[in-house]
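Analysis of the macromolecular model
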Amino acid sequence: MNAFSNTMEAELLNHVLRATPSLKRGSFWFALFTANPGDGGVDHEVTGGSYARVEAVNNKENFPACLPGGVPTKTNGESLLFPTATATWGTVTHWAAYDAPASDGAFTGTTTNASITVSTISAPSIASLRVGMTITGTGIPAGTQVASISSSSITMTKPATGSSTTTISIAAKMIIHGKLADRRFIKSGKTMKIQSDTLKLTLKQGPVGGFTDFLQRKLLNHVFGDLNYNSPSQIYSGLGLS
């Protein structure tokens, strides 16, 4: 059982029904929890003992396309191997995927008023950035994401509102979370692996309606993998008789 975060659900709804761009993430970082993290994803994550989130590049190998029949479902095409524990992690019961490794990352860059370019970024900082990360800082509008990356600069999804050389922070956003098929107690010296084809990624439906299977597959392939879904230019409504 899994669920997209409220933030991601809103992004997809706006993408389909308001033609608001939904930027494909370059990578996802998978995290482990000792209880249900909920949509906020800020509680119960494993800490200490060399624990770290694991990166999965967002491509067709890690996230194969949805199969045509049955409930629209994506899965992990490759296993996810976490670091060997150097202290007890506890009983791991849940997982979540984020668009950044942590919310405490930061780098220095130069913004120019009304420009979408952030320049003079160091090579180590560039290497740590991925398309789709949410960034915050002086002169950077709320909800801004990294749109593209070059050798020493990035482009943003929104133009800067001021010019300065400033510290820019990375805000890790939860994308989806779920319950592990098998809970496991991790003590020092043990490793945790999420085997391939065990994370079943679906779009939950409302009690009185929701996306069709066709659109669910399109959106799941848009978020996970290498198949983009462009929102329709027009939506037509119809009525049915019960």
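Below or above, wherever it landed, is the structure these notes cover. (Residues numbered from 1 in each chain as written. Predicted model: local features only at pLDDT ≥ 70, side-chain atom pairs only at ≥ 80, totals over all residues. Heavy atoms only, no water.)

This paragraph deals with helix H1 (residues 6-17). Here H1 spans 16 Å end to end across 12 residues, near enough to the 16 Å set by a 1.5 Å rise per residue. For H1, every residue scored as buried is listed here: Met-8, Glu-11, Leu-12, His-15 and Val-16. For H1, the angular spread of the buried residues around the axis is 125°, confining them to a single face. Turned more than 90 degrees off the buried face of H1, the exposed positions are Thr-7 and Leu-17. Check the buried side of H1 and you find it contacts strand E1 (2-4), strand E12 (174-186) and helix H3 (213-223). Ala-19 occupies a position one or two residues after H1 and carries a positive phi of about 55°. (Helix = DSSP H or I, 4+ residues; strand = E, 2+ residues; numbered from the N terminus. Expected span 1.5 Å × (residues − 1). Buried < 20%, exposed > 50% of the residue type's maximum accessible area, 1.4 Å probe, protein only. Arc of directions from axis to C-beta. Contact = heavy atoms within 4.5 Å.)

Turning to the sheet that holds strand E6 (residues 106-111), a few remarks are in order. Strand order in this open sheet of six strands is E8-E11-E6-E7-E10-E9, and the pairing throughout is antiparallel. Two strands close off the open sheet at either side, each with one partner strand: strand E8 (134-136) and strand E9 (146-149). Looking at each pair of strands side by side, their axes are set apart by 40° on average, direction ignored. Where E8 lies against strand E11 (residues 164-171), three bridges are found, and the strand directions are antiparallel. Bridge assignment links Ile-135 to a residue of E11, and that residue is Ile-170. (Pairing = 2+ DSSP bridges. Axes fitted to C-alpha atoms, helices over the stretch in contact; angles between N-to-C directions.)

Running from amino to carboxyl end, H1 crosses H3 at an angle of 115°, the nearest separation of the two axes being 12 Å. Taken as a pair, H1 and H3 cross one another with a handedness that is right-handed. Facing H1, whose interface residues are Met-8, Leu-12, His-15 and Val-16, H3 presents Leu-215, Leu-219, His-222 and Val-223. Its residues placed into classes, the contact of H1 with H3 shows six nonpolar, two polar and no charged. (Left-handed = near helix turned anticlockwise from the far one by under 90°. Nonpolar A, V, L, I, M, F, W, Y, C, P; charged D, E, K, R; others polar.)

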